[in-house]
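# Analysis of the macromolecular model
Residues per chain, in single letters:
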Amino acid sequence: MTLLECINGPEDLKGLSQEQLIRLAGEIRDLLIETTTRTSGHLGPNLGVVELTIAIHRVFDSPRDRIIFDTGHQAYVHKLLTGRVARFGTLRQRGGLTGYPNRAESEHDLVENSHASTSLSYADGLAKAHTLRGELDRTVVAVIGDGALTGGMAWEALNNIAAAKDSRLVMIVNDNGWSYQPTIGGLAEHLAAIRVSQQYEHVLDYIKTTLSRTPVVGAPIYGTLHGIKKGIKDVLQPQVMFEDLGLKYVGPIDGHDERLLETALRRARDFGGPVLLHVITRKGLGYPEAEQNEIDCLHQVPAAGAAPGTWSRVFGDEMVAIGTRRPDVVAITAAMLYPTGLAQFAAAYPDRVYDVGIAEQHAVTSAAGLAMAGLHPVVAIYSTFLNRAFDQTLMDVGLHRLPVTFVLDRAGVTGPDGASHHGMWDGSLMQLVPGMKVAAPRDARRVAELLNEAVEVPDGPTVVRFPKGKVGGEVEAVARLGGMDVLRTPAAGFGADVLLVGAGVMALTGLEIADRLAVHGIGVTVVDPRWTKPVDEALAGAARQHRLVVTVEDNGRVGGFGDAVARLLRDHDVDLPVKTFGLPQEFLPHGTREEVLDEVGLTPQHLARQITEAVARRSPGDVRETADAAEGPPVE
Ligand SMILES: Cc1ncc(C[n+]2csc(CCOP(=O)(O)OP(=O)(O)O)c2C)c(N)n1
């Protein structure tokens, strides 16, 4: 039995010797590597926080003390130390452990949202509540990466935390110099300056060795210690920005020296007010493939880069072509140059790409500025992360009718990252933005086509949204209807029973549905709208020639494309039933994309059954009975 297998909770860590802790760290790293290379997952970040997480759980008393991991992708070690070793092999698998903290899994998990830069705000609120309720024995611990610290929310929180002098709150800045790529921006440079200040480090070493012999007696000692250090910092550059904000700053500390970490954490805990602990770690430590990976230290396995054959890569290739023709086209990424497919554009036009850090709100309003000055920005962002910049999209871009193109990768069900990563909101949110045009390509050829159309729009924002993963085969249109592609008309001898409008890749699902419905004698016209906003008026005329209208989209059902189609038909007094299929408006669990789609009934088989039943209800004699019609669970 390994040492790790004997750890059923944080209390089991407390009696371990220094030598055992080193062994434990090795076992954790082995398991992290063995598991994530098999299941996929965030490897580099977790290898970097092994000692830090051990130290946190030895010093603090979770769950009475509250531990929050910003973003949560680096919480695997925390999972292992809080009773989940036996289940770790199920990581990110359907029904298995989630890839982020999860309240259903453990009382030690508090925040499960995997959108970055929120931890300090949660921590601020928790600590204030503890103060107000007189729970002065509780400490809140927030672990935030230097990447997540580039997000605006983190700074709003710091501003408030600095003023909340009574908050028992320890902010641990886990500084590995990397986000997905090396962290950029003024803050990153500042942290780097602190890190490389050799002279300063030597002095710290001296202080560390001297003071680690000093018994920890709480705030007074800490205050003295802090005073000494601040004095030294004033003499030795660089000047410490955090202290200028009014925050107690401790560091930098070697984040792989477990003993040292414990000492610092105890002092921070006992200080009695907010403390910022600056910890230096190495992303990927203990796995040479990760340590030496120049792209992202194996932030994720398999790599999140835009591999050949993926939607992101198709987009990236087309961006390079557009860039040659259009010198006014520039690109913006929020810390995700490789995953969004912009790396080639950056290589070809290094001065025309802006990595703004994990700062989606800033990315969008900065794009507004670029557009105001005559450029055409393409903001490449994961669908789920655009949520954060909704107001900027609505007011700063939309209201000003600015030509900004949003390329929303990972739209629809994404898979193993779970509820907070499914890109199922943008299709509805974008319907709300006046003047916004939204395109949903069904295949690679349409990515290029629609992206080119989008960057030609001179007087308002556009969106191009596509899913995660590999792009499928190309499907050519058989006819054009307004600005839409007709992919299939009812075969000879079939009536025009159903007008099926499938947004983006769901148009291809529509073709499979049509095949299945043909078995029941139901004639289907399949249309790919290409642009899901505004809805093409030609749909009203086409609908009149059918008996049932069906929409299918890879987005939440509420307020999405289907609802927009139904509204258009009502507005044109088309009195036909409309069935709108999409994702149930719920926080969907993790699993592969196929598993989740199957679970929510967004597959050809489930949908064909629903549609067959709907047609049969209206004209029972027209539907041929087959075994298939009875298969499959009901859909919402
Ligand atoms: C709002 C938001 N934008 C983008 C991401 C994607 N993302 C996940 S982890 C990460 C990098 C985080 O870097 P850092 O906080 O330094 O942690 P590290 O992985 O280096 O430990 C990014 C950009 C996200 N989770 N949330």
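These numbers were taken from a predicted model, which means no experiment stands behind them.

### Things to note about the sheet that holds strand β11 (residues 462–465)
Taking strand neighbours across the sheet as the criterion, the seven strands line up as β7-β6-β8-β9-β11-β10-β16 in an open arrangement whose pairing is mixed. Looking at the sheet topology across the chains shown, the edges are occupied by β7 (353–355) and β16 (531–533). Taking the axes of each pair of neighbouring strands and ignoring which way they run, one obtains an average angle of 20° across the sheet. In the sheet, strand β10 (residues 437–439) pairs with β11 via three bridges, with the strands oriented parallel. Bridge pairing in β11 links Val438 to Val463.

### Some words on the packing of aromatic side chains
If you walk through the whole model with that rule in mind, you get six aromatic pairs. Aromatic pair Phe315 and Phe466: ring centres 6.3 Å apart, planes at 45°, arrangement tilted. Here Phe315, found in helix α13 (residues 311–325), pairs with Phe466, found in the loop between β11 and β12 (479–481); they are 151 residues apart in sequence, far enough to count as distant. Each member of the pair, Phe315 as well as Phe466, is classed as buried. Joined through ring pairs, the aromatic side chains of Trp311, Phe315 and Phe466 make up one cluster. Positioned over the ring face of Tyr349 is Arg352, at 4.3 Å from the centre of the ring.

### A few points about the site of the ligand
Residues in contact with the ligand amount to 22 residues; listed here are only the nearest, His73, Gly147, Ala148, Trp178 and Glu360. At 3.3 Å, a side-chain N or O of Asp146 approaches an oxygen atom of the ligand. At 2.9 Å from an oxygen atom of the ligand is found a main-chain nitrogen or oxygen belonging to Ala148. For the ligand, whose free accessible area comes to 590 Å², the fraction covered by protein is 98%. Of all the cavities here, the one that holds the ligand is the largest cavity. Among the residues making up the shell around the ligand, the classes are represented as eight nonpolar, 10 polar and four charged.

### Observations concerning the side chain of Asn176
The residue Asn176 is located in the loop between β3 (169–175) and α7 (186–196) in this model. Residue classification places Asn176 among the buried residues on the basis of a relative accessible area of 14%. At 2.8 Å, the side chain of Asn176 forms a polar contact with the backbone nitrogen of Trp178. Contact partners of Asn176, with chain neighbours within four places excluded, come to Asp146, Thr281 and Lys283.

### Quick notes on empty space enclosed by the protein
For the structure shown, the criterion picks out seven cavities of 30 Å³ or more. The volume enclosed by the largest cavity comes to roughly 540 Å³. Forming the walls of the largest cavity are 35 residues, and the residues nearest its centre are Thr71, His73, Tyr180, His299 and Ile358.

### Re helix α20 (residues 506–519)
With 14 residues, α20 extends 20 Å between its outermost C-alpha atoms, agreeing within 8% with the 20 Å of an ideal straight helix rising 1.5 Å per residue. Among the residues of α20, Met506, Ala507, Thr509, Gly510, Leu511, Ile513, Ala514 and Leu517 are the ones counted as buried. In the stretch just after α20, Gly521 is the one whose phi turns positive, near 80°.

### Some remarks on the pattern of salt bridges
Applying the stated rule across the entire model yields 37 salt bridges. A salt bridge links Arg58 to Glu262; the nearest nitrogen and oxygen atoms lie 2.4 Å apart. Here Arg58 is found in helix α3 (residues 50–59), whereas its partner Glu262 is found in helix α11 (residues 258–271), with 204 residues between them in sequence. Neither residue differs from the other here; Arg58 and Glu262 are each classed as buried. Each of Arg442, Asp443, Arg445, Arg446, Glu476, Arg480, Asp485 and Asp528 takes part in salt bridges that share partners, so that together they form one network.

### Topic: the side chain of Thr393
In this structure, Thr393 sits in helix α17 (residues 390–398). Residue Thr393 is classed as buried on the basis of its relative accessible area of 0%. Of note is the side chain of Thr393, whose polar atom sits 2.8 Å from the backbone oxygen of Ala389. Non-local contacts of Thr393, meaning those with residues more than four positions away in its chain, are made with Val364, Leu386, Gly398, Phe406, Met430, Val433 and Met436.

### Examining the sheet that holds β12
Here we have six strands laid out as an open sheet, ordered β12-β13-β15-β14-β17-β18, and mixed in their pairing. A single partner strand is all that each edge strand has here, and the edge strands are β12 and β18 (578–583). With direction set aside, neighbouring strand axes in the sheet form an average angle of 30°. Bridge count for β12 against strand β13 (residues 484–488) is three bridges, and the pairing is antiparallel. Bridge pairing in β13 links Arg480 to Asp485. Contacting β13, β14 (498–502), β15 (524–528) and β17 (548–556), α20 runs over the sheet at an angle of about 175° to β15. Docked against the sheet, helix α22 (residues 561–571) engages β14, β17 and β18, running at close to 150° with respect to β17.

### Remarks on the packing of helix α5 (residues 119–132) against helix α6 (residues 152–163)
At a closest axis distance of 8 Å, the pairing of α5 and α6 adopts a crossing angle of 25°. Comparing the axis directions of α5 and α6 gives the class roughly parallel. Judged by residue contacts, Leu120, Ser121, Asp124 and Lys128 of α5 engage Met153, Ala154, Ala157, Leu158, Asn160 and Ile161 from α6. A breakdown of the residues in the contact of α5 with α6 according to their chemical character gives six nonpolar, two polar and two charged.

### Side note on the nonpolar core
The biggest cluster of nonpolar side chains holds 52 residues, and the ones touching the most others in it are Leu24, Ile28, Leu32, Ile56, Ile172 and Leu265. Not counting chain neighbours up to four residues away, the residues in contact with Ile56 comprise Ile67, Val141, Val143, Ile172 and Leu265. Leu548, Val552, Phe581 and Leu602 belong to the second-largest nonpolar core, a separate cluster that totals 31 residues.

### With respect to the packing of α13 against helix α19 (residues 444–456)
Two measures define how a pair of helices packs: the angle their axes make with one another and the distance between the axes. Put simply, α13 and α19 touch, their axes get as near as 9 Å, and they point 40° apart. One element, α13, and the other, α19, form an angle in the oblique class. Both α13 and α19 take part in a crossing whose hand is right-handed. From α13, Trp311, Val314, Phe315, Glu318, Met319, Ile322 and Arg325 reach across to α19, where they touch Ala444, Val447, Ala448, Leu451, Asn452, Val455 and Glu456.

### So, the confidence of the model for the protein chain
Low-pLDDT portions of the prediction should not be read for the details of their coordinates. Mean pLDDT over the protein chain stands at 91; residues scoring 70 or higher make up 90%. Note that pLDDT drops below 50 for residues 206–239; the model gives that stretch 47 contacts with residues more than four away or on any other chain. Counted against residues more than four places away or in other chains, residues 627–636, with its pLDDT under 50, gives 21 contacts.

### Here we look at the environment of His73
With respect to the element layout, His73 can be found in the loop between β1 (66–69) and α4 (76–81). With 56 residues separating them in the primary sequence, His73 and Ser17 have C-alpha atoms 28 Å apart. The contact partners of His73, leaving out residues within four places of it in the chain, are His42, Pro45, Asn46, Gly99, Tyr100 and His299.

Procedures and definitions
- Residues numbered from 1 in each chain as written.
- Predicted model: local features only at pLDDT ≥ 70, side-chain atom pairs only at ≥ 80, totals over all residues.
- Heavy atoms only, no water.
- Pairing = 2+ DSSP bridges.
- Helix = DSSP H or I, 4+ residues; strand = E, 2+ residues; numbered from the N terminus.
- Axes fitted to C-alpha atoms, helices over the stretch in contact; angles between N-to-C directions.
- Phe/Tyr/Trp six-rings, centres within 6.5 Å; stacked < 30°, edge-to-face > 60°.
- Buried < 20%, exposed > 50% of the residue type's maximum accessible area, 1.4 Å probe, protein only.
- Lys NZ or Arg CZ within 6 Å of the ring centre and 35° of its normal.
- Near = heavy atom within 4 Å.
- Polar contact = N/O pair within 3.5 Å; in protein donor to acceptor, adjacent residues only side chain to side chain.
- Areas by Shrake-Rupley, 256 points an atom, 1.4 Å probe, with all protein chains shown as cover.
- 1 Å grid on protein atoms, 1.4 Å probe; cavity = no way out; pocket = protein on both sides within 12 Å on 5 of 7 lines; lining within 4 Å.
- Sits in = over half its atoms within 2 Å of the grid points.
- Nonpolar A, V, L, I, M, F, W, Y, C, P; charged D, E, K, R; others polar.
- Contact = heavy atoms within 4.5 Å.
- Points joined across faces, edges and corners; volume = space filled by probe spheres on them.
- Expected span 1.5 Å × (residues − 1).
- Salt bridge = Lys/Arg side-chain N within 4 Å of Asp/Glu carboxyl O.
- Parallel < 35°, antiparallel > 145°, perpendicular 65-115°, else oblique.
- Core = buried A, V, L, I, M, F, W, Y, C linked by side-chain atoms within 4.5 Å.
- Left-handed = near helix turned anticlockwise from the far one by under 90°.
- pLDDT = per-residue confidence, 0-100.

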